[in-house]
Amino acid sequence: MLKQLITLILLTLTIAPTHAAEHTVKMLNQSEWGYMSFEPSFLKVKVGDSVTFEPTTPGHNAVTINYMIPTDANRYRGEIGQPITMTINKEGFYGIECAPHLTMGMVMIIQAGEGDITQFKIPKTLPKQAKRRFNDIKEYAQNR
């Protein structure tokens, strides 16, 4: 009995608690991706992590694109010019947009967990610049 208790105590002490990571994404008027962009534009996270979007310049928000997120994933819509923290609750790919600048291609991809970026679907109905940026982000993620 004493041996089992000592083993249990040692196991409890050696198991490190897991903490969700916190990530920050800047909403910018310009970055290496071009005008109106998120930095980073591709982010790989774990389920349970949080992502805070910081409006480093005015006029931006962050919104999950409802038809570009995993089924039953949390949905978010940030206020213009305000930070928003999104908690990632499902494995898969998340398409994020800045609502006022979607037509200018202000989008990003969050990958939660493992997966093949080629499986991230880009709807034909998106504005031309948004489709182009999503394709550039996918190419970047494939070559990492």
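Residues numbered from 1 in each chain as written. Predicted model: local features only at pLDDT ≥ 70, side-chain atom pairs only at ≥ 80, totals over all residues. Heavy atoms only, no water.

Comments concerning the environment of Thr 118
Part 1 of the reasoning: When you line up the elements, Thr 118 lands in the loop between β8 (107-112) and α2 (128-142).
Part 2 of the reasoning: For the pair Thr 118 and Gln 142, spaced 24 residues apart in sequence, the C-alpha to C-alpha distance is 7.8 Å.
Part 3 of the reasoning: Non-local contacts of Thr 118, meaning those with residues more than four positions away in its chain, are made with Lys 138 and Gln 142. (Helix = DSSP H or I, 4+ residues; strand = E, 2+ residues; numbered from the N terminus. Contact = heavy atoms within 4.5 Å.)

Quick word on the sheet that holds strand β2 (residues 34-39)
Sheet strands associate in pairs through backbone hydrogen bonding, adopting either a parallel or an antiparallel arrangement.
Part 1 of the reasoning: Taking strand neighbours across the sheet as the criterion, the four strands line up as β2-β1-β4-β6 in an open arrangement whose pairing is mixed. Only two strands of the sheet have a single neighbouring strand rather than two, namely β2 and β6 (84-87). When strand polarity is set aside, the average angle formed by the axes of neighbouring strands in this sheet is 20 degrees.
Part 2 of the reasoning: For strand β1 (residues 22-31) and strand β4 (residues 50-55), the ladder comprises six bridges, and the chain directions are parallel. Bridged to Met 27 within β4 is Pro 55. (Pairing = 2+ DSSP bridges. Axes fitted to C-alpha atoms, helices over the stretch in contact; angles between N-to-C directions.)

A word on the sheet that holds strand β5 (residues 63-64)
Part 1 of the reasoning: Pairing in this open sheet of four strands is mixed, and the strands run β3-β8-β7-β5 from one edge to the other. The sheet is open, and its two edges are formed by β3 (42-45) and β5, each paired on a single side.
Part 2 of the reasoning: In this sheet, strand β7 (residues 92-97) lies alongside β5 in antiparallel orientation, the contact comprising two bridges. Note that in β7 the partner of Val 63 across the bridge is Glu 97.
Part 3 of the reasoning: Sitting on the sheet, α2 is in contact with β3, β7 and β8, with an inclination near 40 degrees to β8.

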